[in-house]
Amino acid sequence: MLNFLLKRLLAIIPVLLGITLLLFFMLRMLPGDPAQVLAGQMASPADVEIIRVQMGLDKPVYIQYASFLNRLVHLDLGVSARTQNPVIEEIWAKLPNTVLLALCAITLACAFGIPAGVIAAVRPYSWVDYLVTIASLFGISMPVFWLGIMLMIVFSITLQWLPAGGIGTWKHLVLPSVTLAAFVVAFIARMTRSCMLEVLSQDYVTTARSKGLKEKAIIIKHALKNALIPIITVVGLQFGLLLGGAVLTETVFAWPGLGRLIVDSILARDYAMIQGSILIFGLLYTLVNLVVDLTYAFVDPRIRYE
Amino acid sequence: MNNIYINTKNNDIEPDEDVKSSSGRGWAKLKRNKAALMGGIFLLIYIGCALGAPILFRGDPSAPNLMDSLSPPCAKYFLGTDELGRSILGRILYGSRVSLMIAVGVVGVGLLFGVPIGLISGYYRGKTDFIIQRFTDMMLAFPGFLLALALVAILGVGLENTVISIGISMVPLYIRLVRGCVLTIREEVYVKAARAIGTKDRHIILRHILPNVLAPITVQTSLGMGTAILFAAGLGFLGIGVQPPTPEWGSMLGSARAYMMGKPHVATFPGIAIFLAVLSFNLLGDGLRDAFDPRSKI
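Residues numbered from 1 in each chain as written. Chains lettered and ligands numbered in written order. Predicted model: local features only at pLDDT ≥ 70, side-chain atom pairs only at ≥ 80, totals over all residues.

Just to check I follow, could you spell out the interface of chain B and chain A for this structure?
In many analyses, interface size is given as the accessible surface area lost on bringing the parts together. Every contact between the two is made by 40 residues of chain B and, on the other side, 48 residues of chain A. Put simply, the parts of the chain that give the side of chain B that touches chain A at least two residues each are α4 (126-140), α5 (144-155), α8 (201-238) and α10 (265-292) of chain B. Examining the composition of the side of chain B that touches chain A, we find that eight residues originate from one element, α5 of chain B, more than from any other. Taken together, the residues that form the side of chain B that touches chain A break down as 26 nonpolar, nine polar and five charged. (Contact = placed C-beta atoms within 7 Å. Helix = DSSP H or I, 4+ residues; strand = E, 2+ residues; numbered from the N terminus. Nonpolar A, V, L, I, M, F, W, Y, C, P; charged D, E, K, R; others polar.)

What exactly am I supposed to notice about the nonpolar core here?
One recurring pattern in soluble globular proteins: nonpolar side chains tend to sit buried together. Among the nonpolar cores identified, the biggest contains 167 residues, and V184, I188 and M196 of chain A together with L149, A228 and I229 of chain B are the most heavily contacted of them. A per-element tally of this core places helix α8 (residues 170-200) of chain A first, with 18 residues. When residues are assigned to domains, this core turns out to be shared by domain 1 (20-73) and domain 2 (95-305) of chain A, each giving three or more. Discounting residues that sit within four places of it in the chain, M196 of chain A has contacts with G117, V118, A121, A223, L224 and A227 of chain A. (Core = buried A, V, L, I, M, F, W, Y, C linked by C-beta atoms within 7 Å. Buried ≥ 20, exposed ≤ 12 C-beta atoms within 10 Å, placed from the backbone. Domains from an automatic or database assignment.)

Would you take a moment to explain unusual backbone geometry for this structure?
Working note: non-glycine residues mostly have negative phi, and peptide bonds are mostly trans. A cis amide bond, omega 10°, links P244 of chain B with the succeeding residue P245 of chain B. Relative to the assigned elements, P245 of chain B resides in the loop between α8 and α9 (249-256). Non-glycine residue Y125 of chain A carries a positive phi angle of around 65°. By the element assignment, Y125 of chain A lies in the loop between α5 (87-122) and α6 (127-141). Given 10 C-beta atoms within a 10 Å radius, Y125 of chain A is considered exposed. The phi torsion at A254 of chain A lies on the positive side, around 45°, for a residue other than glycine.

Please clarify how the packing of helix α3 (residues 88-124) of chain B against α10 of chain B should be interpreted in this entry.
How two helices pack is summed up by the angle between their axes together with the distance between the axes. Residues and elements named next belong to chain B. Direction vectors running N to C along α3 and α10 enclose 30°, while the axes themselves pass 11 Å from each other. With respect to α10, the element α3 is oriented roughly parallel. Classified by chirality, the crossing of α10 by α3 is right-handed. Between α3 and α10, the residues in contact are I88, I92, G95, S96 and S99 and V266, F269, P270, A273 and A277, respectively. Classifying every residue of the contact of α3 with α10 gives seven nonpolar, three polar and no charged. (Axes fitted to C-alpha atoms, helices over the stretch in contact; angles between N-to-C directions. Parallel < 35°, antiparallel > 145°, perpendicular 65-115°, else oblique. Left-handed = near helix turned anticlockwise from the far one by under 90°.)

In structure tokens, the structure reads:
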């Protein structure tokens with residue numbers, strides 16, 4: 001197990017380096033002087049000069065990259081041109097909100113998506129199956145921000161059950177989580193259905209049936225357990241979609257998270273902040289994929305010995 | 001990937017079809033698929049709206065008419081008007097041109113770079129493959145929509161940059177897809193035979209391998225167009241995509257947000273347009289996959 005863990009951890013190093021390389025060159029692809037870009041359009045020449053020296057922009061590119069990495073390791077992501085606060089502080093303040101939203105959404109999505117997929121697979125081509133299939137197709141095709149607006153019109157403006165935006169109580173969390181989950185639940189339901197269909201036709205399920213086991217036990221203990229690996233993979237991959245969707249959902253519901261921060265920074269051309277928040281999103285996604293890989297080993301012990 | 005194989009017990013292939021060629025069987029299957037047929041019909045209507053927008057709606061969809069601002073649906077304005085008094089129906093019709101253009105452009109960028117790079121990566125393997133794959137790893141470390149956001153931050157807003165940003169964010173998906181297929185196809189006997197008789201690599205790639213990758217590429221293209229429309233609408237909604245006054249569905253929703261308190265119709269209809277356009281590509285894509293590429297799952 002330790003070996004497996006170590007291998008997986010080592011495997012993310014090149015990915016992390018890749019993320020930093022991409023972000024490093026992102027700023028340099030912009031037209032104009034990177035120091036000016038980072039300082040913002042309003043900065044004085046003296047401020048620009050300070051940033052130039054601080055970041056070693058007068059030195060060769062590989063030294064610049066090394067110093068960029070060095071600053072990253074020390075959690076120094078620069079200063080926001082918009083607010084003049086350190087980027088890492090602003091991100092730190094918004095990150096928990098996005099993580100909370102994402103976790104609620106993914107929990108909701110699994111809680112509805114997996115059972116829906118299982119039920120559809122147990123009775124293929126029945127009305128339940130068609131209902132799940134159609135509903136998930138609708139979920140995949142619906143723009144998440146539009147769904148958010150529609151939910152808001154119904155539940156906040158018309159019925160006045162839930163707050164339309166902002167953060168505070170659990171009530172504020174309901175609409176954003178449902179909106180974000182709707183997007184992902186469809187993928188999870190589809191994947192669960194097709195994996196379960198495959199597993200349910202396996203010999204060991206027939207054997208279990210012929211032994212006279214209860215159908216419930218067969219479905220949960222024998223079938224679902226074996227279908228879990230691809231389902232977990234999809235949940236992990238959907239987390240990426242979820243982060244993308246979070247940008248839109250946070251904008252709709254004025255949720256003070258990282259997604260909203262990125263959009264505001266893009267609109268304000270605050271490049272240090274854009275770089276920092278995209279880096280954090282990349283890290284978050286990599287981390288989730290790592291956790292997914294590690295869950296495999298728990299769900300399927302065979303993977304550990306490979 | 002995990003153990004994916006064709007499960008004959010679940011396949012509803014009728015016995016008489018066994019004699020047909022695999023692509024003939026695919027077409028027959030596609031025609032019987034009601035969902036795909038519906039997707040095709042939706043798609044035709046959508047393309048019809050895009051092409052026939054000037055005939056279906058007379059006048060300038062971007063010209064403000066403040067006298068009639070925020071009018072609910074009525075006889076004069078079938079779907080009502082927006083905050084500048086512009087017909088929502090007209091803007092949706094003209095918006096279908098924009099979104100279709102984006103969808104075609106994005107997938108074009110994806111195919112143009114993704115397919116050749118994927119073919120080379122999978123066929124030659126070795127160092128070239130290694131470098132290309134590490135590069136795709138790097139791009140895939142970011143969720144697609146965020147990669148597009150980052151690219152927009154660099155390139156700037158507007159129609160062209162929206163297409164380029166979303167297109168580039170899709171390139172790694174095509175590279176992965178094509179490479180994966182090539183890796184299995186290059187081991188087939190007919191490819192080995194072609195190589196043994198001294199056929200040039202270029203000929204093998206274009207004549208023997210590419211035709212066999214076309215099915216998954218077609219499926220991915222149909223689904224990719226749906227995603228492209230969703231992404232572009234998302235960027236437009238955030239105000240960093242296609243800019244007003246160009247009628248774009250996402251930015252229409254973005255500006256409608258301010259009026260949803262009393263005038264929900266302004267936000268409702270552009271969303272339905274996006275939904276139907278994406279749904280048509282997804283229905284068709286699903287049908288194409290069931291018919292031509294039954295091994296893949298979602």
